Amino acid sequence: MSYKLGEVILSRDTIARRVKEIASEITNDYSKNDSVLFVGILTGAAFFLTDLVRELPEDLDIKVDFMSVASYGSGTKSSGVVRIFHDLKGSIEGKHVIVVEDIVDSGLTLSHLLGILQQRNPASLKVCVLLDKYERRKTEVKVDYCGFRIPDKFVVGYGLDCANQWRHLKDIKYVIEE
């Protein structure tokens, strides 16, 4: 099966405006005395996370780390069982943690990942996603900061890929199967 790019659903300008708004929401939720660890989920969230933290004020104490996780099932279906390929460098005990994801759909992988992180006793644990395919949700996941709710269509760009293609696009576009 081959794919081609479809129409733009979120332009780079629309994304940039929303990233600034989310950064403002986060800034309002934490004081200058708080230290906040942003955990980007590789690889898709790297673009969003980078732009997001650059919009935060200089006097907010921020740290950035990454995790790489995958869930396995039959074919393209998530089993919800999370395998960690790259873990955090240090402890999150007693820290304010914001998990940053590019997209959440079924919620299975994110739910299990949050369970793993919660066992590590953070002071708080929040979720920030760029895209939410809420209608695909199979398990409830609280999303504290959401960029956009989108329909159940495959999208690429701004970190999201299709077979490792199109991750570099500045806009987010639909993918069309040919």
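Since the model is a prediction, treat every value here as computed from it, not as a measurement. (Residues numbered from 1 in each chain as written. Predicted model: local features only at pLDDT ≥ 70, side-chain atom pairs only at ≥ 80, totals over all residues. Heavy atoms only, no water.)

## Looking at the overall build of the protein chain
- Counting its regular elements, the protein chain contains 3 helices and 9 strands.
- Seen in sequence order, the protein chain has helices and strands lined up from the N terminus as β-α-β-α-β-β-β-α-β-β-β-β.
- Taking the principal axes of the C-alpha coordinates as reference, the protein chain spans close to 50 × 35 × 25 Å.
- Relative to its 178 residues, the protein chain shows a buried fraction of 43%.
- Across the protein chain, the fraction of contacts at a sequence separation of at least 24, relative to all contacts at a separation of at least 6, is 66%.
- Here the protein chain has roughly 9500 Å² of accessible surface; of this, 46% comes from carbon and sulfur atoms. (Helix = DSSP H or I, 4+ residues; strand = E, 2+ residues; numbered from the N terminus. Buried < 20%, exposed > 50% of the residue type's maximum accessible area, 1.4 Å probe, protein only. Contact = heavy atoms within 4.5 Å. Areas by Shrake-Rupley, 256 points an atom, 1.4 Å probe, with all protein chains shown as cover.)

## Regarding the sheet that holds strand 8 (residues 155-156)
- Sheet architecture is open: 3 strands sit in the order 1-9-8, paired in antiparallel fashion. Bordering the open sheet on either side are strand 1 (3-10) and strand 8, each of which pairs with just one other strand.
- Relative to strand 9 (residues 172-177), strand 1 runs antiparallel, the two sharing 5 bridges. Across the sheet, residue Y3 finds its bridge partner in strand 9, namely E177. (Pairing = 2+ DSSP bridges.)

## Notes on the layout of surface pockets
- In this structure, the second largest pocket occupies an estimated 180 Å³ of space.
- Forming the boundary of the second largest pocket are 14 residues, of which R12, I15, A16, D51 and Y158 lie nearest the centre.
- Of all the secondary structure elements, the ones that give two or more residues to the lining of the second largest pocket are helix 1 (12-29) and helix 2 (45-54).
- In the lining of the second largest pocket, the residues fall into 6 nonpolar, 1 polar and 7 charged. (1 Å grid on protein atoms, 1.4 Å probe; cavity = no way out; pocket = protein on both sides within 12 Å on 5 of 7 lines; lining within 4 Å. Points joined across faces, edges and corners; volume = space filled by probe spheres on them. Nonpolar A, V, L, I, M, F, W, Y, C, P; charged D, E, K, R; others polar.)

## Remarks on the nonpolar core
- Residues I26, F38, L52, I98, V100, L131 and I172 are the most contacted members of the largest nonpolar core, which totals 30 residues.
- Looking at this core, the elements with two or more residues in it are helix 1, strand 2 (35-42), helix 2, strand 5 (96-104), strand 6 (124-132), strand 7 (145-149) and strand 9.
- When sequence neighbours within four positions are dropped, the list of residues in contact with I98 reads I26, Y30, V36, L37, F38, V39, K126, C128 and Y145.
- Within the second largest apolar cluster, 18 residues are counted, among which are M67, L88, V97 and L114. (Core = buried A, V, L, I, M, F, W, Y, C linked by side-chain atoms within 4.5 Å.)

## Here we look at the packing of helix 1 against helix 2
- Where helix 1 contacts helix 2, the axes come no closer than 9 Å and their chain directions differ by 60 degrees. Here helix 1 is positioned oblique relative to helix 2, judged by the angle of their axes. Viewed along their axes, helix 1 and helix 2 form a crossing whose handedness is right-handed. Each of V19, I22, A23 and I26 in helix 1 lies in contact with helix 2, whose residues at this interface are F48, D51 and L52. (Axes fitted to C-alpha atoms, helices over the stretch in contact; angles between N-to-C directions. Parallel < 35°, antiparallel > 145°, perpendicular 65-115°, else oblique. Left-handed = near helix turned anticlockwise from the far one by under 90°.)

## Thoughts on helix 2
- Residues of helix 2 that are buried: A45, F48, L49, L52 and V53. Down the axis of helix 2, the buried side of the element spans an arc of 120 degrees, and every buried residue falls inside it. (Arc of directions from axis to C-beta.)

## What about the pattern of salt bridges?
- For the structure shown, the criterion picks out 15 salt bridges.
- The salt bridge partner of R12 is D171, with a shortest N-O separation of 3.1 Å. Taken together, the residues span a long stretch of sequence, with R12 in helix 1 and D171 in the loop between strand 8 and strand 9 at a distance of 159 residues.
- With a relative accessible area of 41%, R12 lands in the partly exposed category.
- A salt bridge links D152 to R136; the shortest N-O distance between them is 3.8 Å. With D152 in the loop between strand 7 and strand 8 and R136 in the loop between strand 6 and strand 7, the pair connects residues that are 16 residues apart, well separated along the chain.
- One network of salt bridges, in which partners are shared, links R18, E21 and E25. (Salt bridge = Lys/Arg side-chain N within 4 Å of Asp/Glu carboxyl O.)

Read these as spatial facts, not as claims about activity.
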